Amino acid sequence: MSGVVTEPDGIPRCPWGMESAQMADYRAYHDTEWGLPVHGDDALFERMSLEAFQSGLSWITILRRRPGFRAAFAGFRIAEVARFTDADTERLLADPGIIRNRAKIAATINNARIAAELAAGELDELIWSYAPDRAGRPVPRTVRDLQPVTPESTALAKDLKKRGFRFVGPTTAYAMMQACGLVNDHLADCHVRRAVEAAAAG
């Protein structure tokens, strides 16, 4: 049994968000970003940060505020965020364009400082070193086949925490792995799945 949703445009997609009032926003993200391989220290730092801010909230809340997050956090350029001061923290706490959570803001700045201590490309290499072997993963057919935590995400979270990163638990780590293409969790009959596999192979 296929778990995809076929919309009026005749295209089968993963079902998350597709039957909600935010369908257009989710569709664009699903079709053009989610699951495609993401590389680069700054790009991965952004995804890590956004997933941390999403904790306890719906993803659409973060997705719609992403331009605000990018403006507030200097485009998630690690070197710049690492230099944020207490004044920046207060600025962020007053910014309605983001989620004004002191602990998450502090974690993002802390994580930038930890990432800034790594060599260029090291954060990318570290995160991608936990990508599981695609050949050994069963292809999900319904959302019930997907798990919120895996051994790889647990190991990645443990490694990141050991290095001093915050708000990177196993569930957050796995959400990042899904979003950044370390795994392909588009359902078997989703029209994006092949594109993600091709991008990963390339």
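Residues numbered from 1 in each chain as written. Predicted model: local features only at pLDDT ≥ 70, side-chain atom pairs only at ≥ 80, totals over all residues. Heavy atoms only, no water.

Per an unreviewed UniProt entry, the chain is named DNA-3-methyladenine glycosylase I, and its organism is Streptomyces mooreae.

Peer 1: What exactly am I supposed to notice about the state of the cysteines here?
Peer 2: Every disulfide links exactly two cysteines, by a covalent bond between their sulfur atoms. Counting across every chain of the model gives 0 disulfides. As a non-bridged cysteine, Cys 14 has Cys 190 as the owner of its nearest cysteine sulfur, 3.8 Å distant. Overall, the relative accessible area of 1% leaves Cys 14 in the buried class. The exposure class assigned to Cys 190 is buried, which follows from its relative accessible area of 5%. (Disulfide = S-S within 2.5 Å. Buried < 20%, exposed > 50% of the residue type's maximum accessible area, 1.4 Å probe, protein only.)

Peer 1: What should I look at first to understand the pattern of salt bridges in this one?
Peer 2: Opposite charge on two side chains permits pairing when their charged atoms draw close. Tallied over the full model, the rule gives 13 salt bridges. For the salt bridge of Glu 46 with Arg 70, the shortest nitrogen-to-oxygen distance reads 2.8 Å. Here the residue Glu 46 occupies a position in helix α2 (residues 41-54), and Arg 70 occupies one in helix α3 (residues 59-72), the gap between them amounting to 24 residues. The network of salt bridges with shared partners includes Asp 9, Arg 13 and Asp 31. (Salt bridge = Lys/Arg side-chain N within 4 Å of Asp/Glu carboxyl O. Helix = DSSP H or I, 4+ residues; strand = E, 2+ residues; numbered from the N terminus.)

Peer 1: I keep staring at the packing of α2 against helix α6 (residues 102-116) and nothing clicks. Help me out?
Peer 2: What describes two packed helices is the angle between their axes and the distance between those same axes. Contact pair α2 / α6: the axes reach a minimum separation of 10 Å and the direction vectors enclose 160°. It follows that α2 is roughly antiparallel to α6 by the angle criterion. Judged by the sense of rotation from one axis to the other, the crossing of α2 with α6 is right-handed. For the pair formed by α2 and α6, the contact residues are Phe 45, Met 48, Ser 49, Ala 52, Phe 53 and Gln 54 on the first element and Lys 104, Ile 105, Thr 108, Asn 111 and Ala 112 on the second. Of the residues belonging to the contact of α2 with α6, the class tally is 6 nonpolar, 4 polar and 1 charged. (Axes fitted to C-alpha atoms, helices over the stretch in contact; angles between N-to-C directions. Parallel < 35°, antiparallel > 145°, perpendicular 65-115°, else oblique. Left-handed = near helix turned anticlockwise from the far one by under 90°. Contact = heavy atoms within 4.5 Å. Nonpolar A, V, L, I, M, F, W, Y, C, P; charged D, E, K, R; others polar.)

Peer 1: Mind showing me how you'd approach the side chain of Arg 66 here?
Peer 2: Mapped onto the fold, Arg 66 is located in helix α3. Those residues in contact with Arg 66, other than ones at most four positions away along the chain, are Glu 33, Glu 46, Arg 47 and Leu 50.

Peer 1: Is there a simple way to explain the packing of aromatic side chains in this structure?
Peer 2: In this description, a pair of aromatic rings is defined by centroid distance and the angle of the planes. The final tally for this structure, using the stated rule, is 10 aromatic pairs. Here Phe 53 and Phe 69 contribute two aromatic rings whose centre-to-centre distance is 4.8 Å and whose plane-to-plane angle is 55°, an arrangement assigned as tilted. Of this pair, Phe 53 sits in helix α2 while Phe 69 sits in helix α3, and the two are 16 residues apart along the sequence. The buried category is assigned to Phe 53, whose relative accessible area is 0%. Following the ring pairs from residue to residue traces out a cluster consisting of Phe 45, Phe 53, Phe 69, Phe 73, Phe 76 and Phe 84. Over the ring of Phe 84 we find Arg 91, and its NZ or CZ is 5.3 Å from the ring centre. (Phe/Tyr/Trp six-rings, centres within 6.5 Å; stacked < 30°, edge-to-face > 60°. Lys NZ or Arg CZ within 6 Å of the ring centre and 35° of its normal.)

Peer 1: Mind showing me how you'd approach α6 here?
Peer 2: Each α-helix turn comprises 3.6 residues. Residues three or four places apart therefore point the same way. With 15 residues, α6 should reach 21 Å at 1.5 Å per residue; the first-to-last C-alpha distance of 21 Å fits that figure. Among all positions in α6, only Lys 104, Ile 105, Ala 107, Thr 108, Ile 109, Asn 110, Asn 111, Ala 112, Ile 114 and Ala 115 are buried. Its buried side turned inward, α6 meets α2, α4 (78-81), α5 (86-93) and α7 (122-128). The opening residue of α6, the one whose side-chain oxygen lies 3.0 Å from the backbone nitrogen of Ala 103, is Asn 101. (Expected span 1.5 Å × (residues − 1). Polar contact = N/O pair within 3.5 Å; in protein donor to acceptor, adjacent residues only side chain to side chain.)

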